[in-house]
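Summary of the model geometry
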Amino acid sequence: MKIAFIGLGNMGGGMAANLVKAGHDVRAFDLSEAALAAAKDAGCATFTSASEACADAEAVVSMLPNGAIVKSVFTADVIGTAPAGAVFLDCSTIDVATAREVIGLATAAGYDMVDAPVSGGIAAANGGTLTFMVGGTKAAFDRAEPILSAMGKAVIHAGDAGNGQAAKICNNMLLAVHMAGTCEAFAMAGKLGLDPQTFYDISSVSSGQNWSMTSYCPVPGVGPQSPSDNDYEGGFATALMLKDLRLAMDAADTSDSAVPMGSRAAALYEDFDGAGNGGKDFSAIIKTYLSQR
Ligand code: NAD
């Protein structure tokens, strides 16, 4: 299948390479020369504009930084340029309202389109093990699913347009809440004289058990290998978690949702990012609790 791929950064680079490995004819565009060169090495054909990459495509996949860029790329270069009948898949993490607006514009122009944000980081993008949460009509989902399956281990239809983004930001808001809670519990356990491994052995089989504890423990040397064992390098950067929490707080406002825990987690991550920790894994927020007296 001829697939245009726009946005070949940390995530998109590996995703486009997996489409090549699955036998697709991938037509790549990125503003970055370095990203384009890497895509060429991975077997993509490269183009000097998004509209050239899309001109002959049966599907268009995008993996871009934010909603404003997604909207401008689709309205300027994709909608009306890609052949009639092409299907569009935006895998970026963006706000629900923009996702619905862009899908509305594509649909009005006669295209099928889904929002398909991902769970999983750069390693999952490279390894083809992402989880996609997909919003759009059943017909659009059915067309997108085989393309997404070549880049991921799970593809879940979340409902109508924008519901993929809704699932993504609600999931990540919950992740921030249980990571922050797990960090403060480990810190207080330590101050009360409990060894972290002992607290893990107890809580991981008790009612406090959660993913941040047993799959991504913020304490070095405890639980399975995680970014805490690598001085909080790699993993899911604090700046990206903060991006998702800001999207979640916007969505809470527009949907009139009460999010007292989510807004507290967002404030904690605003502070942690503002203190220069944006590049550190989000589990490094445990350091703020350990330094408190
Ligand atoms: P990135 O900054 O590494 O990549 C974005 C790419 O888009 C860059 O190469 C940039 O040059 C390109 N770009 C920007 N504007 C463009 C335009 N107008 N036309 C063409 N290319 C353009 O970001 P990333 O880490 O790959 O993240 C991409 C998306 O995936 C974001 O929405 C992010 O929130 C989401 N995401 C990232 C992770 C992660 O761990 N990095 C995990 C889940 C979701």
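So, here is what we can say about the structure in this document. Small disclaimer: the values here were computed from a predicted structure and weren't measured. (Residues numbered from 1 in each chain as written. Predicted model: local features only at pLDDT ≥ 70, side-chain atom pairs only at ≥ 80, totals over all residues. Heavy atoms only, no water.)

**Quick word on the pairing of strand S4 (residues 59-62)**
Quick note on the threshold: Summary of the burial criterion: residues with accessible area below 20% of their type's maximum are buried, those above 50% are exposed, and those between are partly exposed, where the area comes from a 1.4 Å probe applied to protein chains only. Labels follow the DSSP assignment, with helices taken as runs of H or I lasting at least four residues and strands as runs of E lasting at least two, numbered in each case from the N terminus. Whether two strands pair comes down to DSSP finding at least two bridges between them. Here is how to tell: hold the view so the strands point away, follow the path from the first strand over the helix to the second, and if it runs clockwise the crossover is right-handed.
Where burial is concerned, the two faces of S4 agree: the one with Ala59 and Val61 and the one with Val60 and Ser62 are both buried. With 4 bridges connecting them, S4 and strand S5 (residues 87-90) associate as parallel partners. By the bridge assignment for S5, Ala59 is matched with Val87. A crossover links S4 with its parallel partner S5, the connecting element being helix H4 (residues 67-78), and its sense is right-handed.

**A few points about the side chain of Thr182**
In plain terms, the rule: By definition, residues are in contact when any of their heavy atoms lie within 4.5 Å.
Inspection of the secondary structure puts Thr182 in helix H8 (residues 163-191). Ignoring sequence-local partners within four residues, the contact set of Thr182 consists of Asn210, Ser212, Met213 and Pro218.

**Some words on the packing of helix H11 (residues 238-254) against helix H12 (residues 260-277)**
Quick note on the threshold: To obtain an axis, a line is fitted to C-alpha atoms, over the contacting stretch when the element is a helix, and the angle between two such axes runs from 0 to 180 degrees between their N-to-C directions. Crossings are sorted by hand: turned counterclockwise from the far helix by less than a right angle, the near helix makes the crossing left-handed, and turned clockwise it makes it right-handed. Ten residue types, Ala, Val, Leu, Ile, Met, Phe, Trp, Tyr, Cys and Pro, are classed as nonpolar, four, Asp, Glu, Lys and Arg, as charged, and the remainder, Gly among them, as polar.
Where H11 contacts H12, the axes come no closer than 9 Å and their chain directions differ by 145°. Helix-helix and strand crossings are classified by hand; for H11 and H12 the assignment is left-handed. Along its contact with H11, which presents Thr238, Ala239, Met241, Leu242, Leu245, Arg246 and Met249, the element H12 presents Gly262, Ser263, Ala265, Ala266, Tyr269, Glu270, Phe272, Asp273 and Asn277. The residue makeup of the contact of H11 with H12, split by class, is 9 nonpolar, 4 polar and 3 charged.

**What to know about the nonpolar core**
Going by this rule: Take the buried residues of types Ala, Val, Leu, Ile, Met, Phe, Trp, Tyr and Cys, join any two whose side-chain atoms come within 4.5 Å, and each joined set is a nonpolar core.
The biggest cluster of nonpolar side chains holds 37 residues, and the ones touching the most others in it are Phe186, Met241, Leu245, Tyr269 and Phe282. Looking at this core, the elements with two or more residues in it are H8, helix H9 (196-203), H11, H12 and helix H13 (286-291). With 10 residues, the top contributor of residues to this core is H8. When sequence neighbours within four positions are dropped, the list of residues in contact with Met241 reads Asn172, Leu175, Ala176, Phe236, Tyr269 and Phe282. Ranked by size, the runner-up nonpolar core spans 34 residues in total, among them Ile3, Ala28, Val118 and Ala124.

**Looking at the site of the ligand**
To keep it simple, the criterion reads: Neighbouring residues are identified by heavy atoms, a residue being near a molecule or strand if any of them is within 4 Å of it. N or O atoms within 3.5 Å of each other form a polar contact, as long as, within protein, one can give a hydrogen and the other can take it, and as long as residues adjacent in sequence are counted only when both atoms are side-chain atoms. Per-residue and other accessible areas were derived by the Shrake-Rupley procedure at a 1.4 Å probe size, with only the shown protein chains allowed to occlude residues.
What surrounds the ligand is a group of 22 residues, the closest being Asn10, Met11, Asp30, Leu64 and Lys243. Between the ligand and Met11, the relevant distance is 2.8 Å, taken from an oxygen atom to a main-chain nitrogen or oxygen of the residue. Protein chains shield 83% of the accessible area of the ligand, which is 840 Å² for the free molecule. At the level of secondary structure, the elements contributing two or more residues to the shell around the ligand comprise H4 and H11. Of the residues belonging to the shell around the ligand, the class tally is 11 nonpolar, 8 polar and 3 charged.

**Points about the environment of Gly221**
By the element assignment, Gly221 lies in the loop between helix H10 (211-214) and H11. Once the C-alpha coordinates of Gly221 and Pro196 are considered, the two residues, 25 residues apart in sequence, prove to be 9.3 Å apart. Once residues lying within four places of it in the same chain are set aside, the contact partners of Gly221 are Gln197 and Asp229.

**Examining the pairing of S5**
Where burial is concerned, the two faces of S5 agree: the one with Val87 and Leu89 and the one with Phe88 and Asp90 are both buried. Sheet topology places S5 next to strand S6 (residues 112-115); 4 bridges connect them, and they run parallel. Pairing of Asp90 across the sheet is with Asp115, part of S6. Handedness of the crossover joining S5 and S6 through helix H5 (residues 96-108) is recorded here as right-handed.

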